[in-house]
Amino acid sequence: MLTIKIKPMFTIFLAPKCGEHFTQEAFEEFVSHLLVEAGLVPDLMEPAIAVIPDSGNALKVNGVVVAFNEKEPCLKAAFILKPYLRFETYTVPLNEALPLNCFRAIVHMRPLGDTVEIWKQLAQDAILMPITAVFFEYSYGVLAFGSMRQIEDEDVEAWQSAVNHLCHGLGSTSVIFETR
């Protein structure tokens, strides 16, 4: 397994509100417009799929991931775009009661669809705790950002277990896993 150390980014995942109908391209343009109006330039903005556990099932949601190298602009973007955030699909701490344990995982050389389907199954199987992840394609494969409630130290082991299960299921050539 090849491991490369990469600095984690602060990310938010955005999707249309319930009842709103956007094409993927129109929603990306909408988000971009709101960020420009706020004077924010993300370090990354890509189409993405979030897999969110929901009462023993897992939902797949299409949307956009926006990432920043610094915390403050990401917090500002989260505030401006709050109606479009999905619960626990961000790696920047907002004002909820419990802190977030955040992760970044990179799976090389696998299609996005395969990765999302395997993670959806993991979320439904609920390895130790319900797990949320956001996936998008990039030049080396599939990149995932995610978060979970940090209730106990063992939660980090839940992430590691989930990522190990994901990589085993994919038969991936390498994985990078980091927590913050």
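Above this text is the structure in question.
1. Overview of the pairing of strand β1 (residues 10-14)
Then, number 1: The buried count for β1 comes to five of five residues, which makes it a mostly enclosed element.
Then, number 2: Here β1 shows a buried face lined by Phe10, Ile12 and Leu14 and a second buried face lined by Thr11 and Phe13.
Then, number 3: In terms of strand pairing, β1 meets strand β3 (residues 57-68) through five bridges, oriented antiparallel. Across the sheet, Phe13 pairs through a bridge with Val65, a residue of β3.

2. Examining the nonpolar core
Then, number 1: Counting 22 residues, the largest nonpolar core has Val51, Phe103, Trp119 and Phe135 as its most contacted members.
Then, number 2: Taken together, the elements giving at least two residues each to this core come down to β2 (44-54), β4 (100-108), α3 (112-125), β5 (132-138), β6 (141-149) and α4 (154-170).
Then, number 3: Considering every element that reaches this core, the biggest residue donor is α4, with six residues.
Then, number 4: Formed by 19 residues, the second largest nonpolar core is a distinct cluster that contains Ile12, Leu34, Tyr84 and Val92.

3. Focus: α3
Then, number 1: Over its 14 residues, α3 extends 20 Å from the first C-alpha to the last, a length consistent with the 20 Å expected when each residue adds 1.5 Å.
Then, number 2: Turning to α3, its buried residues are Leu112, Thr115, Val116, Trp119, Leu122 and Ala123. Taken end-on, α3 shows its buried residues confined to a sector of 120 degrees, consistent with a single buried face.

4. Some points on the pattern of salt bridges
Then, number 1: By the definition in use, this model includes one salt bridge.
Then, number 2: Across the pair Glu117 and Lys60 runs a salt bridge, and its minimum N-O distance is 2.6 Å. Highlighted residues: Glu117 in helix α3 and Lys60 in strand β3, separated in sequence by 57 residues.

5. Observations regarding the packing of aromatic side chains
Aromatic rings in a pair are described by how distant their centres are and how their planes are angled relative to each other.
Then, number 1: Scanning the model with the defined rule gives six aromatic pairs in all.
Then, number 2: Ring plane angle 35 degrees and centroid distance 5.3 Å describe the contact between Phe22 and Phe30, whose orientation is recorded as tilted.
Then, number 3: Taken together through their ring pairs, the aromatic side chains of Phe22, Phe27, Phe30 and Tyr84 make up a single cluster.

6. With respect to the pairing of β2
Then, number 1: One ladder, built from eleven bridges, connects β2 with β3; its direction is antiparallel. Bridging from a neighbouring strand, Val51 pairs with Lys60 of β3.
Then, number 2: Between β2 and the antiparallel strand that follows it, β3, lie two residues; Ser55 among them carries a positive phi value of about 50 degrees.
Then, number 3: The sheet contact formed by β2 and β5 spans three bridges and is antiparallel. Counterpart to Ile49 in the pairing with β5 is Phe135.

7. Topic: the environment of Val66
Then, number 1: The residue Val66 is located in strand β3 in this model.
Then, number 2: Of the residues examined, Val66 reaches a relative accessible area of 0% and is grouped as buried.
Then, number 3: Residues Val66 and Ala77, eleven residues apart in the sequence, show an inter-C-alpha distance of 8.7 Å.
Then, number 4: When near neighbours in sequence (up to four residues on either side) are disregarded, Val66 contacts Phe10, Thr11, Ile12, Leu14, Val31, Leu35, Pro42, Leu44 and Met45.

Conventions adopted
- Residue positions within a chain follow its written sequence, with the count starting from 1.
- Since the coordinates come from a predicted model, pLDDT governs what is reported: local features require at least 70, and pairs of side-chain atoms require 80 or more to be given and counted, while whole-chain, interface and lining totals use all residues.
- Computation of side-chain values: all heavy atoms of the structure, hydrogens and water removed.
- Burial classes: relative accessible area under 20% of the type maximum marks a residue as buried, over 50% as exposed, and values in between as partly exposed (1.4 Å probe, protein chains only).
- Strands here mean DSSP runs of E at least two residues long; helices mean DSSP runs of H or I at least four residues long; both are numbered from the N terminus.
- Strand pairing is assigned whenever DSSP identifies at least 2 bridges connecting the two strands.
- Residues belong to one nonpolar core when they are buried, are Ala, Val, Leu, Ile, Met, Phe, Trp, Tyr or Cys, and are joined through side-chain atoms within 4.5 Å.
- What a helix should span is 1.5 Å times the count of its residues minus one.
- Of all possible arcs, the one meant is that of the directions from the helix axis to the C-beta atoms.
- Only one rule defines a salt bridge in this text: a Lys or Arg side-chain nitrogen within 4 Å of an Asp or Glu carboxyl oxygen.
- A pair of aromatic rings is counted whenever rings of Phe, Tyr or Trp (Trp by its six-membered ring) have centres within 6.5 Å, and the orientation is called stacked for planes under 30 degrees apart, edge-to-face for over 60 and tilted otherwise.
- Contact definition: two residues touch when any of their heavy atoms are within 4.5 Å.

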